[in-house]
Amino acid sequence: MELSLPDLALDPERTARLRHGAVVARVPRALLRVSGPGAVACLQGLVTIDVDKPGDDSVGWGALLTHKGMIETDLWVLRRGGGFTLVLPEAGAPAARAIFARSLPPRLAKVEDLTADSATLLLLGGNARQVLTASGLTGDQRPGHLASTLTPQGEILIARPPHDLPFGALLVGAGTAIEEAERRLLAAGATAGGAAEAEAARILAGWPALGAEIDDRTLPQEVRFDELGGVSYTKGCYLGQETVARLHFRGHPNRELRGLLWADADPLADRAIVGADREAGTVRSTLTLDGRRIGLAPIRREVATGDEVMAGGRPATVVPLPVAADLLGG
């Protein structure tokens, strides 16, 4: 997998909107629908999270794995009426389709690709929940819950993540329905954003992304899936579960996703991280706010939080995730 390594910078106005306001951002995502009499049981045996116990109208984030436990793609799982809408990175869609093609018995579960006729909208920012309420799109905003609203353009699914970050709500529906949702959110006080704001929110929250922190050799525990509720150790078997469970119960990952904080935003010479007298990792994503650069990187566990390292040829400090606002002056 070719890595995409974002180097982002937000100006003070956009930073303030992301921290204290509400920002709507259209993002390209693949959408798949899994339905049928055996949809719950079949998906339960494929993804890393428990999709059965939470029941209808639940929202979860997990992954599809190879049989060796490596991440093929992360994905959001929205359950309603015994079926599932899966929201995943476009780069992860081919692997997901291939897994479903060989693993789902057609008489029990079928897969529909909704990507071409649907759109996805993220509501970001510290004021996202208040703006969502003011828009009238939904009154139910329980974390980890899926709600919906009907518009003349069609149904809109509105998902609140189990954690408040990296977004306040995920909205999925037909393209014209999402246009209506965006109009109502903007009228309620949100501002228009885009991929840069969505990526900035992700980096600040310390969430891994396929093609950046996640490559074809990444295990879930190496990129915070445990901390973010992306793995179940109680639901039973699923594709790749043996490796994941063995690492959890009998060992530890050799590297862990950490934050990096540089004192300034001077250019990096490369991506290498050197710490504990050895090569310790590679800088994956970076974001410049308030004249300082932060980054994400899977770093060898010998390097502790608080350690000073050379990252990209410049001194940096290893910091916990999510990156605390007071470290950035916000």
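You'll find the structure just up there.
Summary of the structure given here. This one's a predicted model, so the numbers in the text were calculated from it and none came from an experiment.

Before going further, it helps to spend a moment on the sheet that holds strand S3 (residues 30-35). Strand order across the open sheet formed by 5 strands is S4-S5-S6-S3-S7, with antiparallel pairing between neighbours. Because the sheet does not close on itself, it has two edges, and the strands there are strand S4 (58-65) and strand S7 (110-113). Adjacent strand axes in the sheet meet at a mean angle of 30°, parallel and antiparallel pairs treated alike. Where S3 meets S7, 4 bridges bridge the pair, whose relative direction is antiparallel. Within S7, the residue paired with Val34 across the bridge is Val111. Packing against the sheet, helix H3 (residues 93-103) makes contact with S3, S4, strand S5 (71-80), strand S6 (83-88) and S7, and its axis sits at approximately 15° to S3.

This part is about the environment of Ala201. Looking at where Ala201 falls in the secondary structure, it is placed in helix H6 (residues 195-205). Here the alpha-carbon distance between Ala201 and Arg217, two residues 16 residues apart in the chain, equals 25 Å. Once you skip the residues sitting within four places of it in the chain, Ala201 turns out to touch Leu18, Leu124 and Pro166.

Here the focus is the layout of surface pockets. Here the largest pocket is characterised by a volume of approximately 780 Å³. Every residue lining the largest pocket is counted, 33 residues in all, and those nearest its centre are Arg29, Pro89, Glu199, Arg202 and Ala209. Counting only elements with at least two residues in the lining of the largest pocket, the list comes to S5, S6, strand S8 (118-124) and H6. Broken down by class, the residue content of the lining of the largest pocket amounts to 24 nonpolar, 3 polar and 6 charged.

This part is about the pattern of salt bridges. Scanning all chains against the criterion turns up 21 salt bridges. The shortest N-O distance in the salt bridge between Arg314 and Asp264 comes to 3.3 Å. Pair noted here: Arg314 is in strand S19 (residues 314-319) and Asp264 is in the loop between strand S13 (255-262) and strand S14 (272-275), with a separation of 50 residues, a long-range link. Through salt bridges with shared partners, one network takes in Asp215, Asp216, Arg217 and Arg284.

Turning to the sheet that holds strand S11 (residues 169-174), a few remarks are in order. Judged by pairing direction, the sheet is mixed, and its 6 strands sit side by side in the order S9-S10-S11-S8-S2-S12 without closing on themselves. Two strands close off the open sheet at either side, each with one partner strand: strand S9 (146-151) and strand S12 (191-192). Bridge count for strand S2 (residues 23-26) against S8 is 4 bridges, and the pairing is antiparallel. Looking across to S8, one finds that Arg26 is bridged to Leu121. Across the sheet, helix H5 (residues 175-187) is in contact with S2, S8, S9, strand S10 (154-159), S11 and S12; its angle to S11 comes to roughly 140°.

Inspection of the secondary structure assignment puts Ala324 in the loop between S19 and helix H8 (325-328). On the basis of relative accessible area, Ala324 is assigned to the partly exposed category, the value being 35%. Residues Ala324 and Leu137, spaced 187 residues apart in sequence, show a C-alpha to C-alpha distance of 31 Å.

Rules used throughout
Residues numbered from 1 in each chain as written. Predicted model: local features only at pLDDT ≥ 70, side-chain atom pairs only at ≥ 80, totals over all residues. Heavy atoms only, no water. Pairing = 2+ DSSP bridges. Helix = DSSP H or I, 4+ residues; strand = E, 2+ residues; numbered from the N terminus. Axes fitted to C-alpha atoms, helices over the stretch in contact; angles between N-to-C directions. Contact = heavy atoms within 4.5 Å. 1 Å grid on protein atoms, 1.4 Å probe; cavity = no way out; pocket = protein on both sides within 12 Å on 5 of 7 lines; lining within 4 Å. Points joined across faces, edges and corners; volume = space filled by probe spheres on them. Nonpolar A, V, L, I, M, F, W, Y, C, P; charged D, E, K, R; others polar. Salt bridge = Lys/Arg side-chain N within 4 Å of Asp/Glu carboxyl O. Buried < 20%, exposed > 50% of the residue type's maximum accessible area, 1.4 Å probe, protein only.

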